[in-house]
Structures are given as C-alpha cells and as structure tokens.
Amino acid sequence: MKPRSMAAFLLLCVPAGAQFISDCGGIANPPPPKTSIKEAEACLTDFFTARPVHLTVKNIVPGGGFGLGPTFNKDLNSGRWQNHLNITGVASFRQFWETGALFTATHTRFGANNSARDRFRVNLYANARDLPLMPYYGIGPNVGQQNLTDYREREVKAGADLINPFSAWFAAGGTLEAIWPDIGGVTNAGVRSIETSFNEATAPGLSSQPAFMHYEVFAEPRHTRGPFEFTYRVGYNFYQDTQSGHYSFRRFKVEGTHTFHPEKRDDSFLTIHTRLTISDVNAGNAVPFYFQETLGGSDIE
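Since the model is a prediction, treat every value here as computed from it, not as a measurement.

Colleague: Please clarify how the overall build of the protein should be interpreted in this entry.
Modeller: Scanning the protein from terminus to terminus reveals 3 helices and 11 strands. When the helices and strands of the protein are read in sequence order from the N terminus, they spell out α-α-α-β-β-β-β-β-β-β-β-β-β-β. Buried positions account for 36% of the 301 residues belonging to the protein. On the protein, roughly 17400 Å² of surface is accessible, and the fraction owed to carbon and sulfur atoms is 60%.

Rendered as structure tokens:
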C-alpha cells in the first residue's frame, strides 16, 4: 500500500464516540497544569478500545507484516439473546490485506443439563483476504530452502458455525461454509514465481481452483475446574470440490489445551497446546497445496 493511501486509510481508523472525545479532547488544548500522564494513557487506550469504532493492529499472516485498520463493534441484544456485530478491515505496508464481518448470537441455554456458565452460540461470518507473496517449498518434510518459490493467494469465505453445551463437560457443534480460492503466480523482481518450478503434479491445485463447500461436525469434551483442566475439539471435516470433485478430501482434526495449576491460587499455571490433523482422499483425488497443513513453521491461520 502506498504511503498516501495508507495515510488516508488510517484516517478512517480514528475512534469515534463520546468516551474518546472526553478522554482526548483535553490533550489538544490542555488546561493548566499540563495534561496528566493518566489522561494521555486514557486517550491512547481509546484508540484501540473505543466503541463503536477503534483502531486494530494485527498480524495478517506470517511474513505479511502487521496490518492496521478500523474495527466496528455493535451490541444488538434482544431478550435472552446476546448479539454482537464486528466488522474489521486491516492492511499492511507489504500490501497484504483482509476484511471480515462476524455476527455472533448467544443464548443462555438449550437443554436441561447445560452448565450455567455455558451459552449456545452461533456465528455468521464473511471474510476476504489478499496475500500477494506467499512462500511455497513443495510438499513433504524433505524440501529445502533451495526450493523456495512464491505465489499469490486470494480467498473469499462465508459461512456459519454453532456450538451447544450439553453439560458442563461436553459440547458439540458444526460448521458450514463456502470457500472461493484464487491462486496465481507473482511478478516481483528477484522472486521466483511458483509456476517456474512447480506444476499440477508437484503443487496440486495450481492449475485450477474450484469453489469449495466445507462441512464439519465436532465434539468438545472438557474439564474446566480443579488443578488440571483440559478442553478438546475433535472434528471431522469434508471439503467438497463443487466442480469436478477432483480436489475433494476429508480431514480429521484434534486440538486440545491442557492447563495445570500447581498452586491452589491462579498465580501460576502451565498451558500446553496439542494439535493433530490427518487428511485423506479417494483414489485419483488430491488435496490442494494451499489447503495443506504447514510443516516446520507457522500455520497461516
């Protein structure tokens, strides 16, 4: 993003609201004595927490740089339903950007045995992102730095997920979403584009990218009290190639968080995160390389 464009973009990120005006209004024309440190801290905090609009700073993907942009938050509660709308757009100086809208609705409980601390939740979302320079080394654990190429990825995603707690120790839910990927080469000077070293055989999905439907069902066993706590999410996923079916695949995924409290108080604790995924295809099918799990580095998600 060009500096002039970034400056104009950041002007849109200035928080709005009575709290921001109250905290920051005195800094431009401070009354005697000078503005206190607490007033300056309150004004700075409002830039990142003010409602309904504030500034967001986040890492878009590893290597894409930190993105800046506005976030809009609005509560839309109705009776026992607690609803929230979040809209965010960020862009980095490396020309990576993403934007998304998320509507979350929660209800006190569905089911007689639900834990009083849990809520039924449904998320409706739509996201888009542009990643102009993504590295690709090939598939497998034996690739090296000499295989490095780059590609561009654009993706639009829209869908819904829900989860319902059936008891204090168990919840279950599902996901339904549509994904529209777009993969291409790059023309940056000094960069080796993906199509110069890889083809459909070594980078499945490079030649064409159909629209996908993603279906998931998952269960969440958990124990959230006592010196040893854990939460697991065990899910079965199916990615459906809506055109030829050639890129349809299945994925089994387990993610867990273990938290140990060596003392009675919460002053110290140890958290361990675990993750396991296994992908499987029918004979003649292939998992697109842009949906492959990351080996030996950060996952772009």
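Colleague: Explain a nonpolar patch on the surface to me, please; I cannot follow it from the model alone.
Modeller: Residues Phe 228, Phe 260, Leu 270 and Ile 272 make up a contiguous nonpolar surface patch of about 330 Å² in total accessible area. When you line up the elements, Leu 270 lands in strand β11 (residues 270–280). Since its relative accessible area comes to 48%, Leu 270 is described here as partly exposed.

Colleague: Hey, could you run me through the pairing of strand β9 (residues 228–241) in this one?
Modeller: On a regular strand, each side chain points to the face opposite its neighbour's, so the side chains alternate between the two faces of the sheet. Across 10 bridges, the pairing between strand β8 (residues 212–223) and β9 is antiparallel. Bridging across to β9, Met 213 finds its partner in Gln 240. Inspection of the sheet shows β9 paired to strand β10 (residues 249–260) by 12 bridges, in the antiparallel sense. When the sheet's bridge partners are listed, Phe 238 is paired in β10 with Arg 250.

Colleague: Mind showing me how you'd approach the packing of aromatic side chains here?
Modeller: Two aromatic rings are characterised by how far apart their centres lie and by the angle between their planes. As enumerated under the stated definition, the model contains 16 aromatic pairs in all. Both rings, one in Phe 289 and one in Tyr 290, keep their centres 5.6 Å apart while their planes meet at 80°; by these two values the pair is edge-to-face. You'll find Phe 289 and Tyr 290 in the same group, each marked buried. Over the face of the ring belonging to Phe 218 we find Arg 233, whose NZ or CZ atom lies 3.6 Å from the ring centre.

Colleague: Can you walk me through the sheet that holds β8 in this structure?
Modeller: Across a sheet, paired strands are connected by hydrogen bonds in the backbone, their directions being either parallel or antiparallel. Taken in spatial order, the 11 strands line up as β1-β2-β3-β4-β5-β6-β7-β8-β9-β10-β11 in an open sheet, and their pairing is antiparallel. Looking at which strands have only one partner, the edges of the open sheet turn out to be β1 (53–59) and β11. The mean angle between the axes of side-by-side strands here comes to 20°, regardless of whether they run parallel or antiparallel. With 11 bridges joining them, strand β3 (residues 81–91) and strand β4 (residues 97–107) adopt antiparallel strand pairing. Paired with Ile 87 across the two strands is Ala 101, which belongs to β4.

Colleague: What's the story with the pairing of β1 in this structure? I'm lost.
Modeller: Across 7 bridges, the pairing between β1 and strand β2 (residues 66–75) is antiparallel. Its bridge partner lying in β2, Thr 56 is registered against Gly 69. Linkage of β1 to β2, two consecutive antiparallel strands, is achieved through a turn of 6 residues, within which Gly 63 is found at a positive phi near 90°.

Colleague: Teacher, can you tell me more about the nonpolar core here?
Modeller: If you look at soluble globular proteins, the nonpolar side chains tend to sit buried side by side. Judged by nonpolar contacts, the single largest core of 24 residues is most densely connected at Ile 194, Phe 289 and Phe 291. If you list the elements that add at least two residues to this core, you get β5 (120–136) and β7 (170–184). Ranked by residue count, the leading element in this core is β5, at 4 residues. Among residues more than four places away in sequence, those in contact with Phe 291 are Glu 155, Ile 179, Phe 212, Tyr 239, Phe 249 and Arg 251.

Cut-offs applied
- Residues numbered from 1 in each chain as written.
- Predicted model: local features only at pLDDT ≥ 70, side-chain atom pairs only at ≥ 80, totals over all residues.
- Heavy atoms only, no water.
- Helix = DSSP H or I, 4+ residues; strand = E, 2+ residues; numbered from the N terminus.
- Buried < 20%, exposed > 50% of the residue type's maximum accessible area, 1.4 Å probe, protein only.
- Areas by Shrake-Rupley, 256 points an atom, 1.4 Å probe, with all protein chains shown as cover.
- Patch = residues over 30% accessible without salt bridge, like charges linked within 9 Å, V, L, I, M, F, W, Y side chains within 5 Å.
- Salt bridge = Lys/Arg side-chain N within 4 Å of Asp/Glu carboxyl O.
- Pairing = 2+ DSSP bridges.
- Phe/Tyr/Trp six-rings, centres within 6.5 Å; stacked < 30°, edge-to-face > 60°.
- Lys NZ or Arg CZ within 6 Å of the ring centre and 35° of its normal.
- Axes fitted to C-alpha atoms, helices over the stretch in contact; angles between N-to-C directions.
- Core = buried A, V, L, I, M, F, W, Y, C linked by side-chain atoms within 4.5 Å.
- Contact = heavy atoms within 4.5 Å.

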